[in-house]
Structure formats: C-alpha cells, structure tokens
Amino acid sequence: MKEEVNDSENKKSSKLTNFLIIIIVVIISIFIYSKYVETNLIRVREYLIRDKDIPSNFTGVNVVYFSDILFGSVDIDYIEKLVTRINEMKPDIVIYGGSLISKENKINDKDKKDLIKQLSNINSNLGKYYVSSNIDNKISDEILTTSGYKLMNNLSELIYNENNTPICIYGVGSYNLSKSDLTKLNECNGYYTILFTHEPDVTDKILNLDFKPNIILAGNSLGGEINVPFYNNLIKYKGSNKYYLEKYNKNNIDIYISNGIGTDKLGLRLNNMPSFSVFRLKSTD
C-alpha cells in the first residue's frame, strides 16, 4: 500500500516538474524572440489615401513617415537595412517623426558620421522633413539637417509636384515639452494638408481648431513595445496616453500612429514589429 501511494505521489511530482519546465522553456523562448528576433524585423504599413482635396498631380505620390529610431537600441547595420526598405517604396516625400537617439546612448563622431551617411541615403523627389521629440537635442538636429532633412517644428510648407497646385505639410513641435504651436497651421488653409508630429495626444488641440488638416501622422507610442491580445499596448508613453493604436478617425480626420523603429523601456518587442508607414496619395476629384 505504501509503495502505491509513493508511486502516485512521484507521478504527480513528475507531472508538476514537467509542467514547470515547459512553462520556463516557453517564457525563455518568448524572451529570446522578443529580444533578438522581432526587434530585428521591419514591417511596412501601406495605406492608400483617397481624397478629393488631393490635387490630381499628386496622384501616385508616395509619402513615407518613420519615427523613433532611438539609435543605441538599434545599431547602424539595422538602420542600413531600414534605409534599403524605405527606398524600395520609392518615396517622394520623407517625414521623420523624432526621437533619433536613445536617452541612454552617448554617441561618438563615428556614430554621427554613420547615421548621416545612412539617413542621407534615403531617396526623395520632393523633400525630406522632420520634427523634434522631447528627447531630441542639438546633436539630433545636426545629424538630420546634415542628412538633408528640414526642421519643421510649428512650420508649414507648400510642396509642388509638376504644376502650380501644391499640397501643404505642417510639423508640430514637441507636445511633451509644451512646444506645440498650431497658430501657423492656417497658412495651409485651402490646400490638402498633412500634419505630422511626434506625440499624438496633441490631436485634441487640433480637433478644436477652425481649420483642420486632412490627415495626422505621429509616433512616440512604440506600439506599446509588448502588444497583448485583447489588451493592446502594454506600455503607454507620455504624449501617447489617449492615442496609441495604429489608426483613429476623429471628426473625419484620419490619424496614423507609427510603431517606430527602436525600443525604450524594455528593449523588447512582442506582437509589435518595428515599422514605418507609406501613404500612397490618390485624387478622387
């Protein structure tokens, strides 16, 4: 009788041990995938933008928006791969949404030179532009401007393609630093308008304006880094507390939020690939 009891207990103990081993293996596998696999992938999010306000001469124009490189969390080899993927999309307008260098990363002259080389290699027919985030600084500005990007914090610009009917772009400064100024957005009135920024929570300020853009592009959220089914973003960042999912529509304005490229708090990505967005414009007039 005692042997039968001991045998039953041993079987239960063995099952529990096997179950714990399986759980540990699964956890380790998920960690390895999140740390070393998904962070090295690149997803391209493509959108067809149809609008009667888009001039006919802009039909077929491709706008690329990317954000949150956070150099240091990704290396220069990954950025070279990113540049290749962006150029495969044949961008006409390139927009960078801020957060170039990770807060923990102290870059040296070689890093600056490598970043300038790669960012300069992104092709554009009609211009390259950027806005600052709350962690960008003079070094970020030096790298981006030397690479051919124009700083657009709280500025508008008309972009022409082939004839005299332009579209307008407007860049918004950092919402987290209280440097977002929308007073010059009226300069875009009368034109199809793309507004781009770093932190999407500035959207509520935009929705209260008399003149509003046609679409809003933002980053900052990193897609929550860990995307849990039925819960979505595990981590929410300041400036992305209200708007953090891929797409919203408010007052007939489409809002697109990029997952970004690098990582921040966890150094992990799960169910949330690094990505950039391609917007293919088409006039319906």
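Look a little higher up for the structure.
Quick look at the structure, then. (Residues numbered from 1 in each chain as written. Predicted model: local features only at pLDDT ≥ 70, side-chain atom pairs only at ≥ 80, totals over all residues. Heavy atoms only, no water.)

Observations concerning the overall build of the chain
Turning to step 1, where the next piece is worked out: Counting its regular elements, the chain contains five helices and 14 strands.
Turning to step 2, where the next piece is worked out: Taken along its principal axes, the extent of the C-alpha atoms in the chain is 95 × 45 × 35 Å.
Turning to step 3, where the next piece is worked out: For the chain, long-range pairs separated by at least 24 residues make up 72% of all intrachain contacts whose partners lie at least 6 apart in sequence.
Turning to step 4, where the next piece is worked out: Summed over its atoms, the accessible surface of the chain is roughly 14,200 Å², and 51% of this surface lies on carbon and sulfur atoms. (Helix = DSSP H or I, 4+ residues; strand = E, 2+ residues; numbered from the N terminus. Contact = heavy atoms within 4.5 Å. Areas by Shrake-Rupley, 256 points an atom, 1.4 Å probe, with all protein chains shown as cover.)

Regarding the nonpolar core
Turning to step 1, where the next piece is worked out: By size, the foremost hydrophobic cluster in this structure holds 30 residues, and its most contacted members are Phe66, Ile69, Leu119 and Phe276.
Turning to step 2, where the next piece is worked out: Taken together, the elements giving at least two residues each to this core come down to β2 (62–66), α2 (76–88), β3 (93–96), α3 (109–120), α4 (138–146) and β14 (275–283).
Turning to step 3, where the next piece is worked out: By residue number, the principal contributor to this core is α2, which donates six residues.
Turning to step 4, where the next piece is worked out: Ignoring sequence-local partners within four residues, the contact set of Leu119 consists of Phe66, Ile69, Leu100, Lys128, Ile143, Leu144, Ser147 and Tyr149.
Turning to step 5, where the next piece is worked out: Counting 24 residues, the second largest nonpolar core, distinct from the first, contains Val61, Val63, Met152 and Ile194. (Core = buried A, V, L, I, M, F, W, Y, C linked by side-chain atoms within 4.5 Å. Buried < 20%, exposed > 50% of the residue type's maximum accessible area, 1.4 Å probe, protein only.)

Observations regarding the pattern of salt bridges
Turning to step 1, where the next piece is worked out: Taken as a whole and judged by the stated rule, the model has eight salt bridges.
Turning to step 2, where the next piece is worked out: For Glu246, the salt bridge identified is with Arg45, shortest N-O distance 3.7 Å. Residue Glu246 is found in the loop between β11 (232–233) and β12 (247–250), and its partner Arg45 is found in strand β1 (residues 43–51); the two are separated by 201 residues along the sequence.
Turning to step 3, where the next piece is worked out: Where Glu142 meets Lys112, a salt bridge forms, and the shortest distance between an N and an O atom there is 3.2 Å. Taken together, the residues span a long stretch of sequence, with Glu142 in helix α4 and Lys112 in helix α3 at a distance of 30 residues.
Turning to step 4, where the next piece is worked out: Look at Glu142 and you get partly exposed, because its relative accessible area is 37%. (Salt bridge = Lys/Arg side-chain N within 4 Å of Asp/Glu carboxyl O.)

Structural notes on the state of the cysteines
Turning to step 1, where the next piece is worked out: Within this structure, the stated rule accounts for one disulfide.
Turning to step 2, where the next piece is worked out: Between the sulfur atoms of Cys168 and its disulfide mate Cys188 the distance is 2.0 Å. Handedness here is read from the sign of the S-S torsion; for Cys168 and Cys188, about -55 degrees, the answer is left-handed. Here Cys168 is found in strand β7 (residues 167–171), whereas its partner Cys188 is found in the loop between β7 and β8 (193–196), with 20 residues between them in sequence. Here the two residues Cys168 and Cys188 agree in accessibility, since each one is buried. (Disulfide = S-S within 2.5 Å.)

With respect to the side chain of Glu225
Turning to step 1, where the next piece is worked out: Mapped onto the elements, Glu225 comes out in the loop between β9 (215–218) and β10 (227–228).
Turning to step 2, where the next piece is worked out: In contact with Glu225, other than residues within four places in its own chain, are Ile235, Tyr237, Thr263, Asp264, Lys265, Leu266, Gly267, Leu268, Arg269, Leu270 and Asn272.

Here we look at the sheet that holds strand β5 (residues 150–151)
Turning to step 1, where the next piece is worked out: In spatial order, the strands read β1-β14-β2-β3-β4-β5; together these six strands make up an open sheet with mixed pairing. Looking at which strands have only one partner, the edges of the open sheet turn out to be β1 and β5.
Turning to step 2, where the next piece is worked out: As defined by bridge partners, β2 adjoins β3 across four bridges and the pair is classed as parallel. What sits directly across from Val64, in β3, is Val94. (Pairing = 2+ DSSP bridges.)

Points about the packing of α3 against α4
Turning to step 1, where the next piece is worked out: Look at α3 against α4: their axes get within 8 Å of each other, and the N-to-C directions meet at 40 degrees. Considering the angle they form, α3 stands oblique to α4. Crossing handedness for the pair α3 and α4: right-handed. Two secondary-structure elements touch here, α3 through Lys112, Leu115, Ile116, Leu119 and Ser120 and α4 through Ile139, Glu142, Ile143, Leu144 and Thr146.
Turning to step 2, where the next piece is worked out: For the contact of α3 with α4, the residue count by class is six nonpolar, two polar and two charged. (Axes fitted to C-alpha atoms, helices over the stretch in contact; angles between N-to-C directions. Parallel < 35°, antiparallel > 145°, perpendicular 65-115°, else oblique. Left-handed = near helix turned anticlockwise from the far one by under 90°. Nonpolar A, V, L, I, M, F, W, Y, C, P; charged D, E, K, R; others polar.)

Some words on the packing of aromatic side chains
Turning to step 1, where the next piece is worked out: In total, this model carries five aromatic pairs according to the counting rule given.
Turning to step 2, where the next piece is worked out: Pairing Tyr256 with Phe279 gives two aromatic rings, centres 4.9 Å apart and planes at 70 degrees, and the pair type is edge-to-face. Of this pair, Tyr256 sits in strand β13 (residues 253–257) while Phe279 sits in strand β14, and the two are 23 residues apart along the sequence. You'll find Tyr256 and Phe279 in the same group, each marked buried.
Turning to step 3, where the next piece is worked out: Through successive ring pairs, a cluster of aromatic residues spans Tyr47, Tyr256 and Phe279.
Turning to step 4, where the next piece is worked out: Between Lys236 and the ring centre of Tyr244, over which it is positioned, the NZ or CZ distance is 4.4 Å. (Phe/Tyr/Trp six-rings, centres within 6.5 Å; stacked < 30°, edge-to-face > 60°. Lys NZ or Arg CZ within 6 Å of the ring centre and 35° of its normal.)

Structural notes on α2
Turning to step 1, where the next piece is worked out: Spanning 13 residues, α2 covers 19 Å between terminal C-alpha atoms, matching the ideal 18 Å at 1.5 Å per step.
Turning to step 2, where the next piece is worked out: Buried within α2 we find Ile76, Tyr78, Ile79, Leu82, Val83, Ile86 and Asn87.
Turning to step 3, where the next piece is worked out: Check the buried side of α2 and you find it contacts β2, α3 and β14.
Turning to step 4, where the next piece is worked out: The backbone nitrogen of Asp77 lies 3.2 Å from a side-chain oxygen of the residue at the head of α2, namely Asp75.
Turning to step 5, where the next piece is worked out: Positive phi shows up at Lys90, right after α2, with a value of about 50 degrees. (Expected span 1.5 Å × (residues − 1). Polar contact = N/O pair within 3.5 Å; in protein donor to acceptor, adjacent residues only side chain to side chain.)

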